[in-house]
Protein chains: 2
Amino acid sequence: MLKVPDHQVAGHHARDGKLGPLIDDSGRFYKPLQGDERGSKEVAFYTSFSSNARIPDHIRRFFPIFYGTQLLEASDGSGLYPHLVLQDVVSGHHNPCIIDVKIGSRTWYLQASEDYIQRSLKKDRETTSLSLGFRISGLQIYDSEESGFWRPEKKRVLGFTADDVRVVLRKFVSSNSPTDSDSEPDCSFASAVYGGSTGILAQLLELKAWFEDQTIFHFFSCSILMMYDKEAIFKGMSSGAEIKLIDFAHVVEGEGVIDHNFLGGLCSLIKMISEILTSPDENPNKTCLQDYEKNHSYLENGTTE
Amino acid sequence: MLKVPDHQVAGHHARDGKLGPLIDDSGRFYKPLQGDERGSKEVAFYTSFSSNARIPDHIRRFFPIFYGTQLLEASDGSGLYPHLVLQDVVSGHHNPCIIDVKIGSRTWYLQASEDYIQRSLKKDRETTSLSLGFRISGLQIYDSEESGFWRPEKKRVLGFTADDVRVVLRKFVSSNSPTDSDSEPDCSFASAVYGGSTGILAQLLELKAWFEDQTIFHFFSCSILMMYDKEAIFKGMSSGAEIKLIDFAHVVEGEGVIDHNFLGGLCSLIKMISEILTSPDENPNKTCLQDYEKNHSYLENGTTE
């Protein structure tokens, strides 16, 4: 039985009769091939990547497992449609907190169409991509059984300033409610999620070391998903913090050059997360997002299974 | 007595009655302030940088010493004109080999005028800035007492492909003549210049570590000069290999974010130089520049003092 994913924070959604990804109970994620050349490019990437013996295992684990392609009934009821069959990277998590971070100050590349370049460049300038080297594309932060998830709407997320991003990365690892505008994010879970030898920072640093060296692929408009289980921490278990790279419709060949665009953005994200770990009590900008929230209500009561 | 510098490989030249930088015998470099806001921005950068106590000494040595500004007779004969007074970074070198590498895949920034952004973006796309994360802006390679320097003309340098850049970085540390199109660059001096605990790679890595952390300045359209003395190596002396950062008319405040654009390009340069050190005999592209040279003559007999 295929169903609509509960924890998809960005991209097209298979809701209201639209075409979008589906999941099953065995931990697989079925992503409809994007109609234009993006679909075939993403298949080409997964095919090439999964058979490339030069990808070390400790890096491969950051990518969804690829199970090929399959014709499936599309979620929009239009009949059989080709889908990528991938590992459902959130299937091992219960009520996960998730941030989708699109890496790179530039989401376009020389081989793209001029129309795509101009649209991407505009979006890079309007979001934090240009200033920070990355932008948040979507997120969900689990609040409580009563209130479910904080899922700011897409338009709001794409309007995040650099300071908003700093605050969200702190809220992501805080015990107080993400919608509480009267208290500072306490960053109680920073060390459990970002820190430690297996935490998110350690994983990002492993990825960074690979990007300093690999010249096989350039990953444009690709995201890093960061996720963990808040309730597991409450129960004294591991946070399950992990990162996964997703969205490979704009991967091009590296041609012997490192992916300096991805690497630069990754280093910027690493620096920002390091600062939360070293100064969890210092909020460089305490008012902007809080003020915004006094005037807006975001909380969409998410499905809590 | 002020005179025109012998070893300026990029930028405006004080020749033929034009406005350009001058040097004196005491090791100072007099750079006319650029007429528009670039001049005042460069003064502001040097003033801020030279008084900033957070710049560690091992990083400060990569920047020219700043001695203030001074009104001087301009090289174009137009009368008194304000000049930056800087350390002449090549004054300690004799017949130096020099490459000027403009770092960053993006030489523009949000605060610039739309006209500047569009012109810079076009140049970034047309050169290797976008693909490599840096471009060569100028160079001189000392050949011999008879033939002087190889100084490819500006138009040719800006037309370098990624493969041309790889070949030039090899020619830079080779004992065979840079204009010899029949033999491969032998990279004889790679370990003396790029390698070792005080070589260019070690210096670039020190700079990289600083850029992973510093959020004070963002350096757009700034260059790293790499230089050394070939004859010193012949005499069994140190190569004098060193790097210096120059050109700060487009430095903006970091606002708490790392300079991911500079860092990405720097990492790409580091990777390319590392490859020359690990595989000095492998020329990934043996024909492109060589073929070009069979049909063109570059050698401009440089001043050899």
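For clarity, every value in this text was computed on a predicted model and none was experimentally measured.

The rules behind the values
- Residues numbered from 1 in each chain as written.
- Chains lettered and ligands numbered in written order.
- Predicted model: local features only at pLDDT ≥ 70, side-chain atom pairs only at ≥ 80, totals over all residues.
- Heavy atoms only, no water.
- Pairing = 2+ DSSP bridges.
- Helix = DSSP H or I, 4+ residues; strand = E, 2+ residues; numbered from the N terminus.
- Buried < 20%, exposed > 50% of the residue type's maximum accessible area, 1.4 Å probe, protein only.
- Phe/Tyr/Trp six-rings, centres within 6.5 Å; stacked < 30°, edge-to-face > 60°.
- Lys NZ or Arg CZ within 6 Å of the ring centre and 35° of its normal.
- Domains from an automatic or database assignment.
- Buried area = accessible area lost by both parts, 1.4 Å probe.

1. Concerning the sheet that holds strand β1 (residues 22–23) of chain A
Strand pairing within a sheet occurs via backbone hydrogen bonds; the two strands may be parallel or antiparallel. Residues and elements named next belong to chain A. One open sheet accounts for 4 strands, arranged β1-β2-β4-β3; its pairing is antiparallel. Where the open sheet ends on each side, the last strands, each with one partner, are β1 and β3 (66–73). Pairing geometry for β3 and strand β4 (residues 80–87), over 6 bridges, is antiparallel. When the sheet's bridge partners are listed, L72 is paired in β4 with Y81.

2. Overview of unusual backbone geometry
Most peptide bonds take the trans form, and the phi angle of most residues other than glycine is negative. Residue and element names in this part refer to chain B. You will see that D16, though not glycine, has its phi angle at about 55°, which is positive. Non-glycine residue S221 carries a positive phi angle of around 60°. With respect to the secondary-structure elements, S221 resides in the loop between β8 (217–219) and β9 (223–229). What makes S221 buried here is its relative accessible area of 11%.

3. A closer look at the packing of aromatic side chains
This model, assessed by the stated rule, comprises 50 aromatic pairs over all chains. Ring pairs connect the aromatic residues A:F45, A:Y46, A:F49, A:F63, A:F66, A:W210, A:F211, A:F217, A:F219, A:F248 and A:F262, which therefore count as one cluster. Geometry around B:Y67 places B:R28 over its ring, the cationic atom sitting 3.6 Å from the centre. Directly above the ring of B:W150 sits B:K171, whose terminal nitrogen or CZ lies 5.3 Å from the centroid.

4. Some details on the domain arrangement of chain A
Residue and element names in this part refer to chain A. Domain parsing of chain A yields domain 1 (22–87) and domain 2 (96–300). One C-alpha centre belongs to domain 1, the other to domain 2, and the line joining them spans 23 Å. Between domain 1 and domain 2, a total of about 1700 Å² is buried, with carbon and sulfur atoms accounting for 64% of that surface. Looking only at domain 1, the three residues that lose the most surface to domain 2 are K41, F45 and F62, adding up to 36% of its buried area.

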